[in-house]
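Here are the chains, one letter per residue:
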Amino acid sequence: MNVQKHRPESPSAHTPDESTEQTLVRLHNMLRKPEPMDGAGAPNQATAPSIQAQIRATIPPVDTGCSLPQKKTPSGRTRVLHLNYTRGQADKPVETELAHLAFFASMANELGLRLEILTDKTSREDIEQQLTKDNLKTLDYGVTERQNPVSKWAEDSVEYLENGQVAVLQQFDDELLIWAMTEGRRHRWQDKVTPEVLEEVLQEDQLWILLGVRVNALRMGLERQQAAQTQEQPVGHIRAYIEGGNMITGEDTIGKPIILVGKDAIAATANLYQLSNNEVRRLICEDFGLGNIDQVVCVEQPGKFHLDMGMLFLGQGVVVLNDSRAALTDAIEIAEMVPCQTTERMAAKLKLQCSLENDAAHDLTTAGIDVRREKLENDVFYNFFNGEFVAGNDGLNYYITNGGIKEQQERFATLMTTEWKIVEKVFFSPEQAAHKSLQERGGVGCRLKGSRP
């Protein structure tokens, strides 16, 4: 089935002056609560199949040029780093934000990369003060200013395509999107925990596994679209709801492009548009110019809201996946020694995470990917999965990631440079700034988005 061309024979899904966002809400409300009779007392013709057909008819046509997103593996040869700088709600510079700005500027200057910074008028003076320092006089950078404050998480609202276009997320109704993603988890996770615990997991996602819907809530897709249009850059739209951190573009063992997509994104899109999972994969193939749905690998969330918080695509068909099994053993022992709600919940959370990590490993292995299990994250103390591969002006590959415990940094750097021989060097952000950022559920890889000139 070619989803792009599929248009069922049904009345127009839209009513006058109604946006697609509003249309989907109205149609889903009809689907959940169908009226048995119309206004005249006759049987209502808006049956579930006809409503579903109208929902599918709202899928927009492809407008991305069918081009692949910038690869996040070393073969992407990233030379431009896009970041967002904002003070947020503060009227003065925030130390964590300034520390990341200074770190990114230093790395870009040292490696000969270009920085593209999206900011707002209030925050711009911080950038000028930081980037005009003597040690950054050779830094190559540009600044785009917006009227509204921007989200600091530059990774998630946009994809830079190989054809030079920008692709941004469609906007959905917040409640409808949360329902769509939650229902996917309910279906996939129902056999992993008791029904009572499952409801807590789904309703209290911020305490268990956060839902990846914040780009939609912050409406950053619209901000990114307007910023690109201001620069006269062509803009397309990603029709599936995939926040950037939940999609990792790379290549298999023979160099063929593949895209890893978190199952939250697949399920949310399937429920929003009333499609099968394979139809969603076809939608993604059409957007990004892939020939076969096997090139879209659906991967279970590894106990994280985004894939890039729990796995690292090294390229050439090799993925490093988190391994929480030792942490689970420790948590169970602590819960047995000091039984209370806190220790028991931690053990239950890690049990679910380990199960999801194992599912992710199975999904990747089934797709022919070489999976290496390593513990490279520890909540807010460090996360080395979350980072950005770049190519320096010396032609060598480097990796930029979150700082953390010194011993863990040294172990990871040895893996990347000596054992796996993936990069020449690993650059770590300041530990305190990384700690504060991870407390906000995001790190270096969420603050940076790579592209090529």
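Preceding block: the structure.
Criteria and cut-off values
- Residues numbered from 1 in each chain as written.
- Predicted model: local features only at pLDDT ≥ 70, side-chain atom pairs only at ≥ 80, totals over all residues.
- Heavy atoms only, no water.
- 1 Å grid on protein atoms, 1.4 Å probe; cavity = no way out; pocket = protein on both sides within 12 Å on 5 of 7 lines; lining within 4 Å.
- Points joined across faces, edges and corners; volume = space filled by probe spheres on them.
- Helix = DSSP H or I, 4+ residues; strand = E, 2+ residues; numbered from the N terminus.
- Nonpolar A, V, L, I, M, F, W, Y, C, P; charged D, E, K, R; others polar.
- Phe/Tyr/Trp six-rings, centres within 6.5 Å; stacked < 30°, edge-to-face > 60°.
- Buried < 20%, exposed > 50% of the residue type's maximum accessible area, 1.4 Å probe, protein only.
- Lys NZ or Arg CZ within 6 Å of the ring centre and 35° of its normal.
- Core = buried A, V, L, I, M, F, W, Y, C linked by side-chain atoms within 4.5 Å.
- Contact = heavy atoms within 4.5 Å.

Draft legend 1. Spotlight on empty space enclosed by the protein. Throughout the structure, instances matching the rule amount to five cavities of 30 Å³ or more. Size it by volume and the largest cavity reaches roughly 160 Å³. Contributing to the lining of the largest cavity are 14 residues, with Lys72, Ile248, Asp308, Phe385 and Gly387 lying nearest its centre. Secondary structure elements with two or more residues in the lining of the largest cavity: strand 10 (311-315) and strand 13 (387-391). Its residues assigned to classes, the lining of the largest cavity shows seven nonpolar, three polar and four charged.

Draft legend 2. How the structure looks around the packing of aromatic side chains. Per the counting criterion, the structure on display carries ten aromatic pairs. Aromatic side chains Tyr398 and Phe427 sit 5.9 Å apart centroid to centroid with 45 degrees between the ring planes, which places their arrangement in the tilted category. Of this pair, Tyr398 sits in strand 14 (residues 397-401) while Phe427 sits in strand 15 (residues 425-428), and the two are 29 residues apart along the sequence. Across this residue pair, the class does not change: Tyr398 and Phe427 are buried. Here the aromatic cluster, defined as three or more aromatic residues joined through ring pairs, consists of Tyr382, Phe384, Phe389, Tyr399, Phe412 and Phe428. Seen from the ring of Trp179, Arg32 lies directly overhead, with NZ or CZ sitting 4.3 Å from the centre.

Draft legend 3. Molecular detail of the nonpolar core. If you look at the biggest cluster of nonpolar residues, it comprises 44 residues, and the most contacted ones within it are Val261 and Ile284. If one sorts the elements of this core by residue count, helix 9 (residues 263-273) sits on top with six residues. Setting aside residues up to four positions removed in sequence, Ile284 forms contacts with Ala240, Ile242, Val261, Ile266 and Val296. Counting residues in each nonpolar core, the second largest holds 23 residues, with Phe103, Ala105, Leu115 and Ile127 among its members.

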